[in-house]
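# Survey of secondary and tertiary structure
This is what each chain is made of:
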Amino acid sequence: MKTIVSLDPRITRAQIPEEPATTLTLHEGEMFETYEVFHQAKTGGRHTHVGSVHAPNAEMAYIFAKEQFGRRMTTTSLWVVRTTDIVTAEHDEELYTTATAPEKEYRNANIWKVRDKIERFKQEQQS
Amino acid sequence: MNRDTLSALKDLLLKMADDCLILGHRNSEWVGIGPMLEEDIAFASIAQDKLGHALALYTLLHQYCGEPDPDTLAFMRPATKFKCCHLVELPTQEYDVALVRHFLFDTADRIRFEMLTASTFEPLAKLAQKVKGEIVYHTMHASAFIRQLPHGTEEARCRIQTALTMLYPFALGIFEPSEYEEILQRHGIFQGERVLEQRWNQEILSVLKQAGLEIDNSARPVYGGRKGYHTDHLEPLLQEMSEVFAQDPMAEW
């Protein structure tokens, strides 16, 4: 398994050489990390990834995310997750581009697209 | 509402509004030059909220106390008619001072609005209820910085402690008692500056303890702002703030 590199240009453009001339030791908290922000628009709804913030720790990441992503759209809840804590697979892209080849469209779980409608219908039936 | 009660209410609303307006303006001076992108945006949003609170309070003064409209109140009064405390007037050359002031003022502001949710003056109680969420965020933001920064480098601790020592007497000036304390309490409009100061003190001490910071218990409060006496910093601030408005007060925006 591998973790994903930050999408934040302030991290990726740093281009720190793999073998620097002198050894540099970074202690925890000395350099900011990125945190991915997940936004919930209504209570009970799904949290959706909306972007990232640069912060020294999780508490500050949440505080920054609140103004970055919670102010300009209706928000009921926010989650922040350290980018390097998100796990994905080595051949991530490869795995999925082949699996969803055009002739195998029947595999696509299109039902997810109507999930909201179904849930709404069920609720209407109950009430 | 009789005349004394109305004067008392007017005094309370005006000092709150002026504090929010002047601090909002001061904090907006950091827009675009904050220490990092995320913090720049957060601090600017907080400044904008403060201006919003000032507008809401000036609107109450206009609707219920016979005062002029909010723009006239904000932009056309001389410094001597302002009731803000000295704490909010001070210019901030360094971000540590801006942060410590934000912490000291907003903690008091949050408790004040919390107390006012029970006010017998209903429009104010409603407003207090409405702005609660915003102010909770302001103190959450401020306390996180104050708790964490002093545990960084020695320079960071030193800067925050120095700013705190410098600002603490000014912060005590927030609670300068007015001649209306008794009337406000008797009519259930506001429990008074004394009660507010005690709660504030407890709350800031608990954060400062976690931060390893100290306050000078012998500090003497800087009073005067609530009576219309101000520092030399207020006049230039007002001139700059009303520069555009004063060119054509009748202009429609």
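Conventions adopted
Residues numbered from 1 in each chain as written. Chains lettered and ligands numbered in written order. Predicted model: local features only at pLDDT ≥ 70, side-chain atom pairs only at ≥ 80, totals over all residues. Helix = DSSP H or I, 4+ residues; strand = E, 2+ residues; numbered from the N terminus. Rg over C-alpha atoms; globule rule 2.2 N^0.38 Å. Buried ≥ 20, exposed ≤ 12 C-beta atoms within 10 Å, placed from the backbone. Contact = placed C-beta atoms within 7 Å. Nonpolar A, V, L, I, M, F, W, Y, C, P; charged D, E, K, R; others polar.

The next point concerns the overall build of chain B. When helices and strands are tallied, chain B shows 10 helices and 0 strands. Traced from its N-terminal end to its C-terminal end, chain B shows the element sequence α-α-α-α-α-α-α-α-α-α. For chain B, the C-alpha radius of gyration of 18 Å lies close to 18 Å, the compact-globule estimate for 253 residues. Looking at chain B as a whole, 42% of its 253 residues qualify as buried.

Turning our attention to the interface of chain B and chain A. Of the residues lining the interface, 10 residues belong to chain B; the matching set on chain A comes to 11 residues. Put simply, the parts of the chain that give the side of chain B that touches chain A at least two residues each are α2 (37-64) and α6 (122-148) of chain B. Broken down by element, the residue count for the side of chain B that touches chain A peaks at 5 residues, all from α2 of chain B. When grouped by side-chain class, the residues that make up the side of chain B that touches chain A number 6 nonpolar, 2 polar and 2 charged.

Residues and elements named next belong to chain B. Of note, lysine 209 is situated in helix α9 (residues 193-211). With 11 C-beta atoms packed within 10 Å, lysine 209 lands in the exposed category. For the pair lysine 209 and isoleucine 174, spaced 35 residues apart in sequence, the C-alpha separation works out to 22 Å.

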